[in-house]
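Survey of secondary and tertiary structure
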Amino acid sequence: MIDGLDLLSKEELKELVRIYAKNIYALDGVWFQSVEEKRGMDEAMLHDKNAWIRFTRTEAKRIKKFLNLSDRAGLEGLEKALAIRFSALSNPSVSIFREGDALIYRINECRAQSARKDKGMPFHPCASVGFIEHDGFARIIDERIVTEMISCYPDVTDRECACCWKFTIRIEA
C-alpha cells in the first residue's frame, strides 16, 4: 500500500498543511454563512460558539500530545502550540511574541474577515467566539493560563491587527 504523503517533498508537505489549515477556515465560513443566511446572525453565533468550544479542545489536546507538552507547559508550551495551530498556519500574517511576563498572539490579517469584506458582507462579530477559542485552547495547554482579549471585532482597540490576545500565568497562592 502506498502512502501518498511519502511521495511529497518536505516543502510540498508544508504547503499541504497550509492548504488544509485554509480548508478548515473555509469550512467554518461556509457552514456559518449557511446558518447566518437561513436563521440570522444570532443563531449562527450560537452554533459557532458551541462548535468552537468542542473543536478548540480537540485541536489543543492533539497539538499538546504531538509536541509532548507537560500538563503545565506554561507560556513556552503555549507559544509552541499557537505557532502550529491551524489559524497561525492559514492566516496571511500572524505574530507571537513576549511582552514582559505575557505572551501576545496577534492575527495581523484575518482570512475570515478578509473573505467577508471581499464578498461585501459585514465583519463577523468574532470577539465572543474568539475568546472561547483562544481561552479554551490556552487552558488545555496549561490550566493556569489566563486569556485577555486586547482587540477583536467588534471591540477593536488596535486597528493595526484583526485581533490580539494576551496570555499570562495565574499566580497561585
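Notes on the structure in this doc start here. (Residues numbered from 1 in each chain as written. Predicted model: local features only at pLDDT ≥ 70, side-chain atom pairs only at ≥ 80, totals over all residues. Heavy atoms only, no water.)

**Re a nonpolar patch on the surface**
- Among the surface-exposed residues, Leu5, Leu7, Leu8 and Leu13 lie close enough to one another that they form a single nonpolar patch of about 340 Å² accessible area.
- Within the secondary structure, leucine 13 sits in helix 1 (residues 10–39).
- You can call leucine 13 partly exposed: its relative accessible area is 31%. (Patch = residues over 30% accessible without salt bridge, like charges linked within 9 Å, V, L, I, M, F, W, Y side chains within 5 Å. Areas by Shrake-Rupley, 256 points an atom, 1.4 Å probe, with all protein chains shown as cover. Salt bridge = Lys/Arg side-chain N within 4 Å of Asp/Glu carboxyl O. Helix = DSSP H or I, 4+ residues; strand = E, 2+ residues; numbered from the N terminus. Buried < 20%, exposed > 50% of the residue type's maximum accessible area, 1.4 Å probe, protein only.)

**Some details on the pairing of strand 4 (residues 163–169)**
- Where strand 2 (residues 102–109) lies against strand 4, 5 bridges are found, and the strand directions are antiparallel. For arginine 106, the partnering residue across the bridge sits in strand 4 and is cysteine 164.
- Two elements, strand 3 (residues 145–152) and strand 4, share 7 bridges in a ladder whose sense is antiparallel. What sits directly across from isoleucine 145, in strand 4, is isoleucine 169. (Pairing = 2+ DSSP bridges.)

**Describing helix 2 (residues 41–67)**
- Taking 1.5 Å of rise per residue, the 27 residues of helix 2 would be expected to cover 39 Å, and the 37 Å separating its terminal C-alpha atoms lies within 8% of that figure.
- The complete set of buried residues in helix 2 reads Ala44, Met45, Asp48, Trp52, Thr56, Glu59, Ala60, Ile63 and Lys64.
- On its buried face, helix 2 is in contact with helix 1, helix 3 (74–83), helix 4 (86–90) and helix 6 (127–141).
- Backbone geometry just after helix 2 places asparagine 68 at a positive phi near 55°. (Expected span 1.5 Å × (residues − 1). Contact = heavy atoms within 4.5 Å.)

**A closer look at the side chain of asparagine 91**
- Topologically, asparagine 91 is positioned in the loop between helix 4 and strand 1 (93–99).
- Polar contacts involving the side chain of asparagine 91 include one to the main-chain amide nitrogen of arginine 111, which spans 2.6 Å.
- With residues up to four places along the chain from it excluded, the contact list for asparagine 91 reads Tyr25, Ile107, Glu109, Cys110 and Arg111. (Polar contact = N/O pair within 3.5 Å; in protein donor to acceptor, adjacent residues only side chain to side chain.)

**What about the environment of glutamate 160?**
- Inspection of the secondary structure puts glutamate 160 in the loop between strand 3 and strand 4.
- Between the C-alpha atom of glutamate 160 and that of isoleucine 107, which follows or precedes it by 53 residues, the distance is 9.7 Å.
- Each residue touching glutamate 160, except ones within four places of it in the same chain, is listed here: Arg106 and Asn108.

**Some details on the pattern of salt bridges**
- Scanning the entire structure with this criterion turns up 8 salt bridges.
- We note a salt bridge from arginine 98 to glutamate 76, for which the minimum N-O separation is 3.8 Å. Here arginine 98, found in strand 1, pairs with glutamate 76, found in helix 3; they are 22 residues apart in sequence, far enough to count as distant.
- The class of arginine 98 is partly exposed, set by a relative accessible area of 38%.
- Three or more residues joined by partner-sharing salt bridges are found here, namely Glu59, Arg85 and Glu133.

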